[in-house]
Structure formats: structure tokens, C-alpha cells
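Here is what each chain is made of, one letter per residue.
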Protein chains: 2
Amino acid sequence: MHSERQLIGQIRRLCGGGDAQVIRGIGDDCAVIRQSKGLLQLVTTDALVENIHFNLAWHPAGKLGRKAASVNISDIAAMAGTPRFAFLTLGLPTDTQSAWLDGFLQGFKEVLDEHGVLLLGGDTVKSVEALLFSVTVLGEVAEEAICFRSGARPGDLILASGTLGDAAAGLAVCKGRLADPQGRYIALVARHLDPRAKVELGRFLGGSRKVHAMLDSSDGLATDVAHLCEESGVGAEIFADRLPMSEALRELAERQGLDPFHLALSGGEDYQLLLTVAEEDAAALVEACRAQLGEELTFVGRIVGGRGVMLLQGGARRDISFQGYDHFKAQP
Amino acid sequence: MHSERQLIGQIRRLCGGGDAQVIRGIGDDCAVIRQSKGLLQLVTTDALVENIHFNLAWHPAGKLGRKAASVNISDIAAMAGTPRFAFLTLGLPTDTQSAWLDGFLQGFKEVLDEHGVLLLGGDTVKSVEALLFSVTVLGEVAEEAICFRSGARPGDLILASGTLGDAAAGLAVCKGRLADPQGRYIALVARHLDPRAKVELGRFLGGSRKVHAMLDSSDGLATDVAHLCEESGVGAEIFADRLPMSEALRELAERQGLDPFHLALSGGEDYQLLLTVAEEDAAALVEACRAQLGEELTFVGRIVGGRGVMLLQGGARRDISFQGYDHFKAQP
């Protein structure tokens, strides 16, 4: 079997171009289709499979429903869009309990309501043994505000919202790989169980017209920045000592003798926004996000010429391109 | 567990209305969203799960790829639309062979190319043990041409394209439940393995402005007509001796002592179009389809007041509402 990247490359070669209405096909957070003058439609679809993407042993039904909606809406946020409509396909083993399903649907609906998204359809199928969900979300964005992955330029600063590595640490706690006897890391666990899509922040950033490139962090910084670089035809340097990490993550790492940088670089599912801006615009944008939305953006690296993502750590320099989460390698 | 209908009903109650841009949510072949003045967008999504919807023992990779595309495109055809863009989510067990995947993708792409549909994205995930595909197709239709399920009126004739029951008979041959020593029923098997979406016919019917209601036949006539009646708030009478059946199906039924009516009424996956028209328009429409497209439409029943779908057979009259295929009951 191929890796996920090889497989996506294979599918990408099948993708058609040459349609004036299609602004982007595969290769960004969403497909982008011209809807009317000045207005673009965004389409994203993501699937979650039991025992690959989630584990019912620790994932409550309602939180899982919330997450199924949030991870798709996050792709709309990553292009500075507004999510509008959702479609939910459910694959249910025959032993699925009605109460469980009620909880899942309620959580799913909660997140749609929080973002003003309407559920318009889907499909229900029987599954052999694993629960699975496939969600499609349609959104829209003004042509002047959209942020692609492909616009990064050498010299740009790379900014990240929030903190990185929390979701991966929370997952490790859920798995019992990291001890949490006093429930001290409940905030990290929440970041895994119920990530939030940064729709308001994405819209604000798109509206600023200062962002050159953006995506959401779903596969770990090392892989996410590598995607951005690949689409933009540039390289990047990441500064290890600048990675934004929560107090909880630092404390957990220290107590358990872990490298928090590893979680921040390679842990997936943070659903923060990663973006690049010209150096001269960065300070004002960071200040505006803090003042108007209470959102922190942290300078984590720089776009350079060439290729690849280099980590600069204590004088050392190593290539970390695509060393994040791979859906065909990782297991929960 | 609920039946598929109960589950869809539960999800339907979560669906939002109250948006001026939304023409239809759940309850028709596609969701319908206003795109621009006079132009509507159609959205449909369907999932296929190994050992529920297909069996690799008899389904070649290329045919399965074709079918994954066709069954979704058929939903666009059922609303008289033109399919435009497709999104493919693949759930692959780790032992999936590259050659198999190549064949699947090639078949999928063939059907997209036949209909001028562009593949714009999707998702690839690892699956525990079953192959699964989830496909979303976007299409468009002029507001004046769209055919909903909900427009049937008492007195309308019910017409069906092509022949019914062939795909179910073909599936029974694949399963070895019906013997086929000389490969005599290869055409029936092809109807199961590689159904064709009736896009051209759907567009022609929509363009005629004579169709009151339409859907595609995916769950067997008894269930499909029941859906149409439910959405239109009417009842129907089906005339058993008028059901269009292929010579191959009649011959197979006779040789093996089967009731071909059962296959035609309850067998799913024919992907023919079922439609209702005023009695005075029927003959001209049938003749136009035959002359201009070489497509046969057969008069199979009549819309009546009241509720339910009654089968009229040899003087007897029985309620067959929703006695077709249920994804939560059937097994391949």
C-alpha cells in the first residue's frame, strides 16, 4: 500500500482541470468553485472511521458528533470562509444503540448550530463492524478574502494560532500512555475529544487581506507546513524554541520525561490556523487578532527559498518535512 | 436499531429550514440550493461499504469504480440535472493492492469522463477491514426544469424507464442463488455490476416541462414509489401485469420457477427513472423519448388520492408500500 501522500498524488493525477468555474481542485483545504461574481463556493469532505480516527472507549457520543462537524468546518475556516451547509453519511454496525446515535447526532447538530450551518442531507448505510462517518461541508468566501495554501513567499513569517501539541497529548492520556491520576490534563483531553474550528479567526484573517497562505493544522506542524511549502513552491524554517505550547503540555512533558517539541511538531488534530504574512504586516495583524478576537498568533518560523521544512533547534538544523501524522501509518 | 426510514426520519428532524437559499434539504434525491437567478445547485452523497453494498468476490475493481460514480450521478439525473463535480472519499484496509486501486480509480474516472464531471477532491482514510467509498456529486439544473419527488397529483400516470428487476436478478446470479451455467444471464449481471445513470433522459424529461414528479429507482419499485407518494402526499396503484421486464429476466424466472414480479417490485439498484405525468401528456412524452433518445418509458401505474402503494395483480389488491430494499435489513 502507498502512503497517504502517494495515494493523494495518484488521485490528483486523475483530477480534471480546464474548467473556468473551478478555481482549485485537490491540493488545498477545500475545493473552490466560482459561484457568482466575486463569490466562491468551498467544498470539503472528511471521513472518520472507528478505531482509526476515534475510539469509543474514551470518546463520548456527543463529543464525537461535535468533532465530526468541527474537523470539516475547520477546512472552511482555513480558507477564510463561512460554512453554510452540511451533509452527513453514517455507516452504522447493526449493534449501534439508539441512545448512542441520539447523542452523536445532538453533538453534531450543536456545532452546526454554533456556526449557523444547516444540515441538508446525507446517507445512512449499514457497516460491517466499524462505525464510520463521512461529512461534506459547503461554504462560501468572497474572492478577495480567500486564503489558499499556495501563496507563501520567501521572507514571509509563519504564524500559528493557539497552542500546538495539546490534542496529541490529550490522545496519549486517553490511551493510557500518559498517566493522569488527578485529572490534571483534562484540558488536553478536551482538545482531542472536542476541537474547535477557528471560523471567526479565519474570516478575520481573510478580511485583513494581509495573509499570503493559510491552512489548518490537522497532521502536525511538520506535515502541515510541508503541505503549505509544496503548494507554494517554497521552503520553511521552523524555530523549535518558538513553538506555542500550553502550560498543561509543558507540565505533562516535564513530569513524564517527554519531549514536548515532538508532540507540537508531529502530533495531529490541533485544528489551529497556520498562516504566512509579510514581515512588515505581522506585528499589526497579531495585535489586531489579540485585541479584536482574543486570539493569540505566534511567530513560529519563516518561509525561505528552496524546498523542505527545516527545524532549527539549539544550533542544529534538520529536515522534518512530512514527519507528522500519516493516516496510513498511525493507529489510535 | 432503527430501520433506514426511521433513522432518516430522525436525522430529518434535525435538519434546519428557514434559509431562503435552500430549496430542498433531506427528502429528495438531492439537496437543492439556489446558486444564482434561475439556476439551482444539486448535491448528493452516497456511500458504499464492502460486504454490504458490494462483494469483491464477483465485483471487478473497474466495474466497482464505475458503479460508485454512477449511483451518485443517477441522483442528479433523477432531478433532471447535469452532474458537474465529484468528491471521492476512500476508506482502504492496509492490505488493499495498488493494482486493485488503480482499476477502481480508472473505472470511477471513466464514468466521470462520460458525463463531463470533474473530480475535485475527497479524502483518503485507513479502514479497519472493509473497503468503503463515499462519493459526493454536485450538479446543476435550471429552476424551470427541475423535477422533485413531491409534485405527483392524483390522476397522474406513473412511467418507468427501461426494465425493472434486472439488477436484482443479476445479483442473485452473482451470489450463486440462481444458476447460470452457460453465461446466459451476463446482461443481467452487468446491470448489477455496472448500472448506467440516465442523465440524458433525465435532462430531456425535465426540459419537456411535463413531468410532475421524478426519482431514480434504487430501492425497488415498491419502496421508490412509496417515497414519491410520501413526499407528494398521495397514493399509488401499480399494475403488476404492466411492469417492464427484460426477456432475460422472464426467461430466467421461468427456468428457475421464480416470480419475476417479486424481483421487479422489490429488487433494488435498477437506477431507472420513475416519473409521473398528466394522462393527457403521457403518450406524446413516451413517443418523444423513444424517437429522440431511443429510451422506452412504460406505463406502470397511476397516482391516486389517499396514502400507500397498492399492487393490483389478477383482481387482488395489496399494500406494498416500502416493501423493497432496506439497507439495514438486506445483505449481499
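Preceding block: the structure.
Residues numbered from 1 in each chain as written. Chains lettered and ligands numbered in written order. Predicted model: local features only at pLDDT ≥ 70, side-chain atom pairs only at ≥ 80, totals over all residues. Heavy atoms only, no water.

1. Description of the overall build of chain A
Moving on, step 1. When its secondary structure is counted, chain A shows ten helices and 13 strands.
Moving on, step 2. Taken against the 2.2 N^0.38 rule, which gives 20 Å for 332 residues, the C-alpha radius of gyration of chain A at 19 Å falls within 12% of a compact globule.
Moving on, step 3. When its C-alpha atoms are laid out on the principal axes, chain A stretches across 55 × 55 × 45 Å.
Moving on, step 4. In chain A, which comprises 332 residues, the share counted as buried stands at 62%.
Moving on, step 5. Considering only intrachain contacts with a sequence separation of at least 6, the fraction spanning at least 24 residues in chain A is 82%.
Moving on, step 6. Here chain A displays about 12,300 Å² of accessible surface, and carbon together with sulfur accounts for 48% of that area.
Moving on, step 7. In chain A, 32 positive and 43 negative side-chain charges are present, and the distance between their average locations comes to 2 Å. (Helix = DSSP H or I, 4+ residues; strand = E, 2+ residues; numbered from the N terminus. Rg over C-alpha atoms; globule rule 2.2 N^0.38 Å. Buried < 20%, exposed > 50% of the residue type's maximum accessible area, 1.4 Å probe, protein only. Contact = heavy atoms within 4.5 Å. Areas by Shrake-Rupley, 256 points an atom, 1.4 Å probe, with all protein chains shown as cover. Lys, Arg positive; Asp, Glu negative; His and termini not counted. Charge placed at Lys NZ, Arg CZ, Asp CG, Glu CD.)

2. Brief notes about the interface of chain A and chain B
Moving on, step 1. Between chain A and chain B, the contact holds 65 residues from the first and 65 residues from the second.
Moving on, step 2. Roughly 5,700 Å² of surface becomes buried between chain A and chain B when both sides are summed, with 65% attributable to carbon and sulfur atoms.
Moving on, step 3. Seen at the junction of chain A and chain B, the total is two salt bridges.
Moving on, step 4. For Arg84(A), the salt bridge is made with Asp19(B), and the minimal N-O distance between the two is 2.9 Å.
Moving on, step 5. At the surface where chain A touches chain B, the tally comes to eleven residue pairs in polar contact (both at pLDDT 80 or more).
Moving on, step 6. Among the elements of the structure, helix 1 (4–14), strand 2 (31–36), strand 3 (39–49), strand 4 (82–92), helix 3 (98–114), strand 5 (118–126) and strand 6 (132–142) of chain A are those that each provide at least two residues to the side of chain A that touches chain B.
Moving on, step 7. Of the residues forming the side of chain A that touches chain B, the biggest block, nine residues, is contributed by strand 5 of chain A. (Buried area = accessible area lost by both parts, 1.4 Å probe. Salt bridge = Lys/Arg side-chain N within 4 Å of Asp/Glu carboxyl O. Polar contact = N/O pair within 3.5 Å; in protein donor to acceptor, adjacent residues only side chain to side chain.)

3. Let's talk about the sheet that holds strand 12 (residues 309–313) of chain B
All names here are of chain B.
Moving on, step 1. If you walk across this open sheet you meet the seven strands as 8-10-7-11-9-12-13, and the pairing is mixed. Taken across any chain shown, the strands that pair with only one partner, and hence form the sheet edges, are strand 8 (211–216) and strand 13 (316–319). Taken over all neighbouring pairs, the strand axes of this sheet differ in orientation by 25° on average, direction set aside.
Moving on, step 2. One ladder, built from four bridges, connects strand 12 with strand 13; its direction is antiparallel. Looking at strand 13, one finds that Leu311 is bridged to Arg318. (Pairing = 2+ DSSP bridges. Axes fitted to C-alpha atoms, helices over the stretch in contact; angles between N-to-C directions.)

4. Here's the deal with the packing of aromatic side chains
Moving on, step 1. Following the criterion strictly, the structure yields twelve aromatic pairs over all chains and no others.
Moving on, step 2. Here the aromatic rings of Phe54(A) and Phe133(A) are separated by 5.3 Å at their centres, their planes lie at 20°, and the arrangement is stacked. Of this pair, Phe54(A) sits in the loop between strand 3 and helix 2 (61–77) while Phe133(A) sits in strand 6; the two residues are 79 residues apart in sequence, bridging distant segments of the chain.
Moving on, step 3. Assessed through its relative accessible area of 2%, Phe54(A) is described here as buried.
Moving on, step 4. The class of Phe133(A) is buried, set by a relative accessible area of 1%.
Moving on, step 5. Positioned above the aromatic ring of Phe148(B), the side-chain terminus of Arg24(B) is 4.1 Å from the ring centre. (Phe/Tyr/Trp six-rings, centres within 6.5 Å; stacked < 30°, edge-to-face > 60°. Lys NZ or Arg CZ within 6 Å of the ring centre and 35° of its normal.)

5. A look at helix 4 (residues 166–174) of chain B
Residues and elements named next belong to chain B.
Moving on, step 1. Burial of helix 4 is extensive: nine of the nine residues sit out of reach of the surface.
Moving on, step 2. All of the buried residues along helix 4 are Asp166, Ala167, Ala168, Ala169, Gly170, Leu171, Ala172, Val173 and Cys174.
Moving on, step 3. Elements in contact with the buried residues of helix 4: helix 5 (186–193), helix 8 (247–256) and helix 9 (260–266).
Moving on, step 4. Positive phi appears at Gly176, one or two residues downstream of helix 4, with a value of about 80°.

6. Brief notes about the packing of helix 6 (residues 199–208) of chain B against helix 10 (residues 279–293) of chain B
Residue and element names in this part refer to chain B.
Moving on, step 1. Close contact between helix 6 and helix 10 brings their axes to 11 Å; oriented N to C, the two are set at 135°. With respect to each other, helix 6 and helix 10 are oriented oblique. Regarding helix 6 and helix 10, the two cross each other, and that crossing is right-handed. On the side of helix 6, the interface is formed by Glu200, Leu201, Phe204, Leu205 and Ser208, while helix 10 contributes Leu285, Ala288, Cys289, Gln292 and Leu293.
Moving on, step 2. In the contact of helix 6 with helix 10, the residues fall into seven nonpolar, two polar and one charged. (Parallel < 35°, antiparallel > 145°, perpendicular 65-115°, else oblique. Left-handed = near helix turned anticlockwise from the far one by under 90°. Nonpolar A, V, L, I, M, F, W, Y, C, P; charged D, E, K, R; others polar.)

7. Let's talk about the environment of Thr276(A)
Moving on, step 1. With respect to the helices and strands, the residue Thr276(A) is situated in strand 10 (residues 273–277).
Moving on, step 2. Considering only alpha carbons, one finds Thr276(A) and Gly155(A), 121 residues apart in sequence, at a separation of 9.4 Å.

8. Some remarks on unusual backbone geometry
Residue and element names in this part refer to chain A.
Moving on, step 1. In this structure, Arg209 takes a positive phi of about 60° despite not being glycine.
Moving on, step 2. Here Arg209 lies in the loop between helix 6 (199–208) and strand 8 (211–216).
Moving on, step 3. The phi angle at Tyr271 is positive, at roughly 55°, despite the residue not being glycine.
Moving on, step 4. The topology assignment puts Tyr271 in the loop between helix 9 (260–266) and strand 10.

9. Digging into the relation of the copies chain A and chain B
Moving on, step 1. Expressed as a screw operation, the relation of chain A to chain B combines 0.0 Å of axial shift with a rotation of 180°, fitting to an RMSD of 0.0 Å. Read as a symmetry element, the transformation amounts to a two-fold axis.
Moving on, step 2. Interface residue correspondence from chain A to chain B reaches 100%, placing this contact among same-surface, isologous pairings. (Least-squares fit on C-alpha atoms with pLDDT ≥ 70 in both.)

10. A closer look at empty space enclosed by the protein
Moving on, step 1. Overall, the coordinates contain five cavities of 30 Å³ or more when judged by the stated rule.
Moving on, step 2. Of the pockets and cavities examined, the largest cavity occupies roughly 60 Å³.
Moving on, step 3. Lining the largest cavity are Val49(A), Ser127(A), Val128(A), Glu129(A), Ala130(A), Leu132(A), Val49(B), Ser127(B), Val128(B), Glu129(B), Ala130(B) and Leu132(B).
Moving on, step 4. Looking at side-chain class alone, the lining of the largest cavity contains eight nonpolar, two polar and two charged residues. (1 Å grid on protein atoms, 1.4 Å probe; cavity = no way out; pocket = protein on both sides within 12 Å on 5 of 7 lines; lining within 4 Å. Points joined across faces, edges and corners; volume = space filled by probe spheres on them.)

11. What about the packing of helix 2 of chain A against helix 3 of chain A?
Residues and elements named next belong to chain A.
Moving on, step 1. Put simply, helix 2 and helix 3 touch, their axes get as near as 6 Å, and they point 40° apart. Seen from above, helix 2 lies across helix 3 with right-handed handedness. Residues Ala61, Gly62, Leu64, Gly65, Arg66, Ala68, Ala69, Ser70 and Ile73 of helix 2 form the contact with helix 3, whose participating residues are Trp100, Gly103, Phe104, Gly107, Phe108, Glu110, Val111, Leu112 and Glu114.
Moving on, step 2. Looking at the contact of helix 2 with helix 3 residue by residue, the classes come out as ten nonpolar, five polar and three charged.

12. Some words on the environment of Phe299(A)
Residues and elements named next belong to chain A.
Moving on, step 1. Within the secondary structure, Phe299 is located in strand 11 (residues 297–304).
Moving on, step 2. As a C-alpha pair, Phe299 and Asp19 span 280 residues in sequence and 38 Å in three-dimensional space.
Moving on, step 3. If we ignore the near neighbours within four places in the chain, the residues touching Phe299 are Leu157, Ile158, Leu159, Phe239 and Arg242.

13. Considering the environment of Glu129(B)
Moving on, step 1. Among the structural elements, Glu129(B) can be located in the loop between strand 5 (118–126) and strand 6 (132–142).
Moving on, step 2. A residue is classified by how much of its surface remains accessible, and Glu129(B), at 46% relative accessible area, is partly exposed.
Moving on, step 3. Along the backbone, Glu129(B) and Arg255(B) are 126 residues apart, and their C-alpha atoms lie at a distance of 39 Å.
Moving on, step 4. Apart from the residues within four sequence positions on either side, Glu129(B) is in contact with Val128(A), Glu129(A), Glu50(B) and Pro93(B).

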